[in-house]
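Breakdown of the fold
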2 protein chains.
Amino acid sequence: MTGKVAAPGDDPLLLDRQVCFPLYAATNLLNRLYGPVLRPLGLTYPQYLVMLVLWEEEPQTVGALGARLYLDSGTLTPLLKRMEQAGLVRRTRDAEDERRVLIGLTERGRALRADALHVPETIAGGRSPEGLDQLREGVRKLVAMLAAPGGAG
Amino acid sequence: MTGKVAAPGDDPLLLDRQVCFPLYAATNLLNRLYGPVLRPLGLTYPQYLVMLVLWEEEPQTVGALGARLYLDSGTLTPLLKRMEQAGLVRRTRDAEDERRVLIGLTERGRALRADALHVPETIAGGRSPEGLDQLREGVRKLVAMLAAPGGAG
DNA sequence: AGCAATTATATTGTGTGCAATATAATTGCT
DNA sequence: AGCAATTATATTGCACACAATATAATTGCT
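A few points on the structure. (Residues numbered from 1 in each chain as written. Chains lettered and ligands numbered in written order. Predicted model: local features only at pLDDT ≥ 70, side-chain atom pairs only at ≥ 80, totals over all residues. Heavy atoms only, no water.)

Thoughts on the overall build of chain A
Regarding its fold elements, chain A presents seven helices and three strands. If you list the helices and strands of chain A from N to C, you get α-α-β-α-α-β-β-α-α-α. The 153 residues of chain A split such that 44% are buried. Sequence-distant contacts, at least 24 apart, represent 48% of the contacts inside chain A between residues at least 6 apart. Surface accessibility of chain A: about 7,800 Å² in total, with carbon and sulfur atoms responsible for 54%. (Helix = DSSP H or I, 4+ residues; strand = E, 2+ residues; numbered from the N terminus. Buried < 20%, exposed > 50% of the residue type's maximum accessible area, 1.4 Å probe, protein only. Contact = heavy atoms within 4.5 Å. Areas by Shrake-Rupley, 256 points an atom, 1.4 Å probe, with all protein chains shown as cover.)

Quick look at the structure:
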């Protein structure tokens, strides 16, 4: 009762036939790759993404950050509180609408940008830019499909 | 002291220039997509991946599962214990080498395969198979690069 | 045989992610 | 104006993921 179960040609449950799995594996591997590079900056990978968004424009509401990063308050609230504890961001209620919380950078948060400038290059290492561009576009299309209302069915 | 920070053309820290981010977003979105489909089976997404591997061949050691899924014992041990509690797998010390733990399926675990057969189709929904094939190959190449010793520098 | 180095798994601590729920502020409808 | 519905964020509970460390079994060297 052990061993191979189905013909390899048409089994829909073979791991190597899943689209999702390489994506899952690549994300885990990328996290492991970023970890050591971001640790000296005192950032985790999702925290780094938040900083990228804030370096582009600040302040932003929690909701706006979530819309950009596809994360909800259940993930962002504790993450932003940790970043506040670390002295990178400030969280202030929006006076115009007390439901909203504005996330702005501290001086330390702004200054960290200079230290982060080397990160993309360090991560990219010796990889071919063309392959990366192609991959980025492919995955971006997938994200657009998945994020569409109804999950792109 | 707020607002845009650098020229859009050559800023390496723009979120939309990162390869990593679409990958990260796609994985989160895929997890959310799989969740409702797998919940009736009593599985999480990583647990589903473990089942895919075991349905191909069992029993396997914890290490072999980890090599296939790019996960270590810190992730797999508690996950497998939960699956044991759920009655899907059995964990037994290998008599040949007492360091190893063999993961085998219970009858319930084997029977679950029939219920899982519809999952890939349900997830794929109306998406074009060609686009998915292309994407799978692209991401698979990235995984191969990232998993290579030295991180493919 | 004896013991250091290696290997396989487990444990601990921290940080995500997300569903479900809660709370407070605002909007919209009458 | 008053109140139901909506919106924005926070909280709770559960399940990963991983670095660092611990423990026990095996291997390899002499």
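The structure having been displayed, the exposition proceeds.
Brief notes about the sheet that holds strand β1 (residues 60-61) of chain A
Paired through their backbone hydrogen bonds, the strands of a sheet run either parallel or antiparallel. Residue and element names in this part refer to chain A. Spatial ordering of the open sheet is given by β1-β3-β2, a layout of three strands whose pairing is antiparallel. The sheet is open, and its two borders are formed by β1 and β2 (89-93), each paired with just one other strand. Where β2 and strand β3 (residues 101-105) come together, five bridges link them in antiparallel fashion. In the sheet register, Thr 92 faces β3, and the bridge partner there is Leu 102. (Pairing = 2+ DSSP bridges.)

A word on the protein's contact with DNA strand C
DNA strand C sits among 28 residues. The nearest are Thr44(A), Gln47(A), Tyr24(B), Thr77(B) and Arg91(B). Put simply, 80% of the atoms of DNA strand C that lie within 4 Å of the protein are in sugar or phosphate. With respect to DNA strand C, the side chain of Tyr24(B) contributes an N or O atom lying 2.4 Å from a phosphate oxygen. When residues of the surface near DNA strand C are traced back to their parent elements, those giving at least two are α2 (45-56) and α4 (73-85) of chain A together with α1 (20-38), α3 (62-69), α4 (73-85) and β2 (89-93) of chain B. Residue composition of the surface near DNA strand C, grouped by class: six nonpolar, 10 polar and 12 charged. (Near = heavy atom within 4 Å. Polar contact = N/O pair within 3.5 Å; in protein donor to acceptor, adjacent residues only side chain to side chain. Nonpolar A, V, L, I, M, F, W, Y, C, P; charged D, E, K, R; others polar.)

What to know about the pattern of salt bridges
Oppositely charged side chains are able to pair whenever their charged atoms sit close together. All names here are of chain A. The final tally for this structure, using the stated rule, is 18 salt bridges over all chains. The closest approach of N and O atoms between Arg 68 and Glu 56, which form a salt bridge, is 3.1 Å. Residue Arg 68 is located in helix α3 (residues 62-69), and its partner Glu 56 is located in helix α2; the two are separated by 12 residues in the primary sequence. (Salt bridge = Lys/Arg side-chain N within 4 Å of Asp/Glu carboxyl O.)

Quick word on the packing of aromatic side chains
Enumeration according to the criterion identifies 12 aromatic pairs over all chains in this entry. Here the aromatic rings of Phe21(A) and Tyr70(B) are separated by 6.4 Å at their centres, their planes lie at 20 degrees, and the arrangement is stacked. Taken together, the residues span two chains, with Phe21(A) in helix α1 (residues 20-38) and Tyr70(B) in the loop between α3 and α4. A relative accessible area of 7% means that Phe21(A) is categorised as buried. Ring plane angle 80 degrees and centroid distance 5.5 Å describe the contact between Tyr24(A) and Tyr45(B), whose orientation is recorded as edge-to-face. (Phe/Tyr/Trp six-rings, centres within 6.5 Å; stacked < 30°, edge-to-face > 60°.)

As for the protein's contact with DNA strand D
If you check the shell around DNA strand D, you find 28 residues, and the closest are Tyr24(A), Thr77(A), Lys81(A), Arg91(A) and Thr44(B). Sugar and phosphate atoms form 81% of the subset of DNA strand D atoms that lie within 4 Å of the protein. Note that a phosphate oxygen of DNA strand D is positioned 2.8 Å from one of the side-chain N or O atoms of Arg82(B). Put simply, the parts of the chain that give the surface near DNA strand D at least two residues each are α1, α3, α4 and β2 of chain A together with α2 (45-56) and α4 of chain B.

Considering the sheet that holds strand β3 (residues 101-105) of chain B
Residue and element names in this part refer to chain B. Sheet architecture is open: three strands sit in the order β1-β3-β2, paired in antiparallel fashion. Single-partner strands in this sheet number two, and they are β1 (60-61) and β2. Judged from the two bridges that link them, β1 and β3 form a sheet pairing that is antiparallel. Each residue of the ladder has a partner; that of Thr 61, found in β3, is Leu 102. Each of β2 and β3 touches α4; the most contacted strand, β2, lies at about 120 degrees to it. (Axes fitted to C-alpha atoms, helices over the stretch in contact; angles between N-to-C directions.)

Structural notes on the side chain of Gln47(B)
Structurally, the position occupied by Gln47(B) is in helix α2. If we skip the residues at most four places from it in the chain, Gln47(B) touches Gly42(B), Leu79(B), Arg82(B) and Met83(B).

Considering the environment of Thr75(A)
All names here are of chain A. Relative to the assigned elements, Thr 75 resides in helix α4. Thr 75 gets classed as partly exposed once you look at its relative accessible area, which sits at 36%. Thr 75 sits 30 residues away from Tyr 45 along the chain, and the two C-alpha atoms are 13 Å apart.

So, the environment of Arg108(A)
All names here are of chain A. Positionally, Arg 108 belongs in helix α5 (residues 107-116). In sequence terms Arg 108 and Glu 98 are 10 residues apart; their C-alpha atoms lie 26 Å from each other. Reaching out from Arg 108, the side chain makes a polar contact with the backbone oxygen of Ala 86 at a distance of 3.0 Å.

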